[in-house]
Amino acid sequence: MRLPPVLVAAVLATTTGSLLLAPNSATADLKPPVREGSAPADSAARAPASAARNALAAPVTDLSAGTGGYPREQVLAPDPENPADKSIKLGLTPYHAIAPKLNELQGLGHRVSVEVAGRSAGGHRLFLVTVTAPETARQTRAQERMRELIENAPQAAAKDTAIKASYKTPVFFNSNIHGNEWEGTDAALKVIERLATAKDTKTADLLAHNRLYFNITANPDGRIAGTRTNANGFDLNRDFITASQPEVRAMRQIAIDKQPAVMLDLHGYVNGTLIEPTTPPHGENYEYDLFLKNTYANALGMEAAVNGLGYTPAKDGVEPVQIPFRDQQEGWDDWPPIFTPQYAAFHGTVAAHTVEIPMTVNNSAYDTLPVEELRRRSAINVDVAGAAMRATLDFAQSHRTSLIADQIEVFRRGATGAAQVPVSAATVPGVPGIGPEDVYTTDFPRAYVIPAGAAQRSAAAAGRLVDHLLANDVRVTRATGDFRLAGRSYAKGSYVVDLRQPKRGLANVMLADGRDISGKVSTMYDISGWSLGRLWGATVERVESGGLSAVPLRAVDAATRVGYVAPRGDFRLRLDTPQEIASLNSLLQQGVSVRQDSDGSALVPSSARAKAVALARAYDVAFDATKASAKASTKAAHGTALHRVRVAAAVTAGELFALREMNFDVVPVSTAILDAGFDWSTVDVLFVSSGLDHSALTPAARTALDTFLATHGLVGRGATGAALGVAAGLLAVKPVEGNGDANGVVRVVNSGAGVTAGAPDHSFVYAPVWFTDLGPGVRVEQSYATGNPLVSGHWRPLDDGTGGPTAAAGQAAVVSGPHAVLFGTEPLFRDHPKGEFPQVGRALLTVSRS
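Residues numbered from 1 in each chain as written. Predicted model: local features only at pLDDT ≥ 70, side-chain atom pairs only at ≥ 80, totals over all residues. Heavy atoms only, no water.

Q: Got a minute to help me understand the overall build of the protein chain in this structure?
A: The helix and strand tally for the protein chain stands at 28 helices and 34 strands. Taking 850 residues into account, the globule formula puts the C-alpha radius of gyration at 29 Å, and the protein chain, at 27 Å, falls close to it. Summarising its shape, the C-alpha atoms of the protein chain cover approximately 85 × 70 × 55 Å along the three principal directions. Scored against the burial criterion, the 850 residues of the protein chain give a buried share of 61%. (Helix = DSSP H or I, 4+ residues; strand = E, 2+ residues; numbered from the N terminus. Rg over C-alpha atoms; globule rule 2.2 N^0.38 Å. Buried < 20%, exposed > 50% of the residue type's maximum accessible area, 1.4 Å probe, protein only.)

Dropping the structure here:
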């Protein structure tokens, strides 16, 4: 569910004291959303380490058509029966019953095929079902050739009569991405069964002209556990720009390989059923005129189908459908590319919807309502989800030709560098209420260059960024010689992202700075600024104009490896990327004696050569030659000895995952865990951002914590971490909290040494904090830039004029002392700002040896 707080309040109000939901206003004044990742004092992230290992190692499954036809039937092995599956109480399909059900559906004829699209962080299979009329291998190859032509040669595809006559429109239904929003799965199974068995000519015609794809449960971990998140504690519907989780990478591959023209993402719970399109602001990198035209038209069809079920407020507690674009002013936007429908739009989906089914059955309702009432509500939800799906099938069939034409046009505009078309009553006829507040477009640059050589901040970070772009189906080329572009010189080996490509919107949304939209709307649903170009640690240069025909370029399918081990002597390992921090921690865990030089880099003895070779291969990092000795036994030894760091962490799920990505040994803690008794002798340092309240601890737990902090270090992030640092007397500073709704990319000034050595000059904030009244011994590691530090995002002052970006300008953003480092920024947010990770890694290493 993508539920704004005003609707949260309405749902909570109507589920207490009544078994039927009363009406809630679709036009109430919206309030800023609750900060992502916030947690009660006793519930910091505690995901198992095995889930992080699964997510970091899980391969991406190739879902391209291959050489076989349809159906592609297989017998799925059953999963162990789990009586604790939270679906059971609702009368819904538990995860362990899905594989047998899919086996049964495949046996009903020759229309249903099942593939395993991957595995979840918790190790559960992800099932992709295809429903279509049978195809020979030759017919399937022909479909694949047409699909590729649509993306790769859209101008030719627009004239191809075979595409108009015989290309099967891809339609995608995504269910249960939030684990405790269950019913989309059950509705999908019902729709599949009907399609598999129906004998009418309408169904036969539908399946002859469409391929229907169903991601049965996008989040089996959460379905089983009754949680919104997966086993790593991640909200998968916030992860699409980062793709840190295997479930998201599977959905990403579906979008790339199946190229759906239409998709639904089934959620809950908003009463009445809420169906996109959204309120402003609208993503400026979409071809929004095409998107709005089709998404609004399908929304009307779904509205009629859902309202036509006959449920009423008086009889059933079910309100009529809402369409935010039509019925609301703001607060439910499609600005960030982190949600499934918004991400799908960059892969050619021209009608994409979040659908919020109406009747609340999760969270407190799940625990307090009678089972009979929960099952009544779930049955209504399954009915509503099914109606939305069936209406979408009708829309796809009746608009098949125009949908594919519009998908082709998305790719044509990108490939030719055509201008976007602003939405208006003239350009999007049939959609009422379009105003200037709905117009969002961008000026695409000619290209981006990720330079090689001395101009590149980090070759390892550049390679990681390039591989991520390629994984998202963004085309990247590499220069085979030195070249000049737009008056600037670049070295051989530089990467060039030509923005004249079919998926230019996705390339630009990842690499551009973005926009400060603070003045556009009063509130945003989720994050408002992001930028791989600014936050992933690589140098990325925007090229506004110029031709690429004279530049010696070749397409690449992977970044060039930069891993290297010097042929002799001791080694220097820079600590500027997560991969380099992970490599260092691996060496320390293996008992290698490593020292840290004054510039922050790690000095590794030559005796660890074999281990260095393995790490250079695994993490693509460079162990360079150095004249500084890493051997403590020599008089010429440089730096300070490092040791393995075990971190007690009261943090958000994203931070816990990022720590494990950097190979830190992490023990999750919280107020409740410390109150129950915790053995502080087992850890070296404490990292706190969420779920630990010093004042809420029992006297014994507080004494134990203070005793630990008297001899060990603290790394704190945000208001919670800063409060603990001050309460423990570790840093003489005054933390100042900015607007809690503020988030985005900010300009920063680094000290050039210590924690922020080699750090990018941009960072990420959410509920920003800064530090004033700095006492003796406090070092400013990083400051917010002067002026307005916000580059992109949404950051307004509070009603009393405080808490805005100008108040933070020039103030300390990261501070340190002998035993503590406090961050007012968000260097590990949702595993996203990769270039900021090393700041936390360096901080943990520094305070753990203080």
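Q: I would appreciate a short explanation of the sheet that holds strand 2 (residues 125-131) in the present structure.
A: Within a beta sheet, neighbouring strands are joined by backbone hydrogen bonds and run either parallel or antiparallel to one another. Across the sheet, seven strands lie side by side as 1-2-4-3-5-9-6; this open sheet has mixed pairing. The sheet terminates laterally at strand 1 (112-119) and strand 6 (274-275), the two strands that pair on one side only. Summarising the sheet, strand 3 (residues 169-175) and strand 4 (residues 210-215) pair through six bridges and their orientation is parallel. Residue pairing in the sheet places Thr-169 in a bridge with Asn-210 of strand 4. Helix-sheet contacts for helix 8 (residues 201-209) involve strand 2, strand 3 and strand 4, and the interaxial angle to strand 4 is about 85 degrees. (Pairing = 2+ DSSP bridges. Contact = heavy atoms within 4.5 Å. Axes fitted to C-alpha atoms, helices over the stretch in contact; angles between N-to-C directions.)

Q: Which parts of the structure should I look at to understand the nonpolar core?
A: Within the largest apolar cluster, 153 residues are counted, with the highest numbers of intra-cluster contacts made by Leu-102 and Phe-214. A per-element tally of this core places helix 16 (residues 371-398) first, with twelve residues. Once residues lying within four places of it in the same chain are set aside, the contact partners of Leu-102 are Leu-76, Val-114, Phe-127, Val-129, Leu-189 and Ile-216. (Core = buried A, V, L, I, M, F, W, Y, C linked by side-chain atoms within 4.5 Å.)

Q: For this particular structure, what's the right way to read the pattern of salt bridges?
A: Inspection of the entire model under this criterion finds 47 salt bridges. When the shortest N-O distance is used, the salt bridge between Arg-534 and Asp-513 registers 2.7 Å. A residue pair is termed long-range when its members are at least 10 positions apart, and Arg-534 in helix 20 (residues 532-535) and Asp-513 in the loop between helix 19 (504-511) and helix 20 qualify at 21 residues. Here Arg-534 falls in the partly exposed class, since its relative accessible area comes to 29%. Since its relative accessible area comes to 28%, Asp-513 is described here as partly exposed. In this structure, Arg-646 and Asp-665 form a salt bridge, with 3.0 Å as the shortest nitrogen-oxygen distance. Remark: Asp-665 occurs in strand 24 (residues 665-668) and Arg-646 occurs in strand 23 (residues 646-650); sequence separation between them is 19 residues. (Salt bridge = Lys/Arg side-chain N within 4 Å of Asp/Glu carboxyl O.)

Q: Got a minute to help me understand the side chain of Gln-328 in this structure?
A: As for its placement among the helices and strands, Gln-328 is situated in the loop between helix 13 (324-327) and strand 8 (333-334). Since its relative accessible area comes to 8%, Gln-328 is described here as buried. In this structure the side chain of Gln-328 is engaged in a polar contact, spanning 3.3 Å, whose partner is the side chain of Gln-322. (Polar contact = N/O pair within 3.5 Å; in protein donor to acceptor, adjacent residues only side chain to side chain.)

Q: Mind showing me how you'd approach the packing of helix 8 against helix 16 here?
A: To describe two helices that pack against each other, one gives the angle between their axes and the distance between the axes. For the pair helix 8 and helix 16, the least separation of the axes is 10 Å and the interaxial angle reads 65 degrees. By the angle between their axes, helix 8 is roughly perpendicular relative to helix 16. Here helix 8 and helix 16 pass one another in a crossing that is left-handed. Along the contact surface, helix 8 presents Lys-202, Asp-205, Leu-206 and His-209, while helix 16 presents Leu-393, Asp-394 and Gln-397. Its residues assigned to classes, the contact of helix 8 with helix 16 comprises two nonpolar, two polar and three charged. (Parallel < 35°, antiparallel > 145°, perpendicular 65-115°, else oblique. Left-handed = near helix turned anticlockwise from the far one by under 90°. Nonpolar A, V, L, I, M, F, W, Y, C, P; charged D, E, K, R; others polar.)

Q: Please clarify how the sheet that holds strand 15 (residues 541-543) should be interpreted in this entry.
A: Spatial strand order, 15-10-14-11-16: five strands in an open sheet with antiparallel pairing. The open sheet has two edge strands with one neighbour each: strand 15 and strand 16 (553-555). Shown here is a sheet whose adjacent strand axes are inclined to one another by a mean of 30 degrees, direction ignored. Relative to strand 16, strand 11 (residues 477-479) runs antiparallel, the two sharing three bridges. Residue pairing across strands places Arg-478 opposite Arg-554, the latter belonging to strand 16.

Q: Whenever I open this one, the confidence of the model for the protein chain confuses me. Can you help?
A: Low pLDDT means the predicted atomic positions in that stretch should not be read closely. With 94% of its residues at a pLDDT of 70 or more, the protein chain has an overall mean of 93. Of the regions scoring below 50 in pLDDT, residues 2-41 engages in 101 contacts with residues more than four places distant in sequence or in other chains. (pLDDT = per-residue confidence, 0-100.)

Q: Even after reading the chapter, I still don't get the environment of Ala-157, so can you show me in this structure?
A: In this fold, Ala-157 is placed in helix 5 (residues 154-159). In sequence terms Ala-157 and Val-683 are 526 residues apart; their C-alpha atoms lie 61 Å from each other. If near-sequence neighbours (up to four positions away) are discounted, Ala-157 is found in contact with Leu-149, Ile-150, Ile-163 and Ile-408.

Q: Help me understand unusual backbone geometry, please; the structure alone is not making it clear to me.
A: Glycine aside, the phi torsion of most residues is negative, and most peptide linkages are trans. A cis amide bond links Gly-268 to the next residue, Tyr-269, at an omega of 5 degrees. Looking at the element boundaries, Tyr-269 is found in the loop between strand 5 (262-268) and strand 6. Positive phi is not limited to glycine here, since Asn-363 has a value of about 55 degrees. Looking at the element boundaries, Asn-363 is found in helix 15 (residues 363-368). Positioned with a positive phi, Asp-773 is a non-glycine residue whose angle comes to about 50 degrees. Tracing the sequence through the fold places Asp-773 in the loop between strand 30 (769-772) and strand 31 (779-784). Classification of Asp-773 as exposed rests on a relative accessible area of 58%.

Q: Where do I start with helix 18 (residues 459-471) in this structure?
A: Owing to its 3.6 residues per turn, the α-helix aligns residues three or four sequence positions apart on the same side. With 13 residues, helix 18 should cover 18 Å at 1.5 Å per step; its first-to-last C-alpha distance of 18 Å lies within 8% of that length. One or two steps after helix 18, the chain reaches Asp-473, where phi turns positive at roughly 70 degrees. (Expected span 1.5 Å × (residues − 1).)

Q: How should the pairing of strand 29 (residues 762-766) be read in this particular structure?
A: Sheet faces and side chains relate simply in a regular strand, where the side chains alternate between the two faces. Among the five residues of strand 29, five are classified as buried, and the element is accordingly described as predominantly covered. Here strand 29 shows no split at all, with His-762, Phe-764 and Tyr-766 on one side and Ser-763 and Val-765 on the other all buried.

Q: Help me understand the environment of Leu-553, please; the structure alone is not making it clear to me.
A: Residue placement: Leu-553 occurs in strand 16. Note on Leu-553: relative accessible area 28%, which makes it partly exposed. C-alpha separation for the pair Leu-553 and Pro-432, spaced 121 residues apart in sequence, amounts to 46 Å. Filtering out sequence-adjacent residues up to four positions away, Leu-553 remains in contact with Thr-477, Arg-478, Ala-479 and Val-496.

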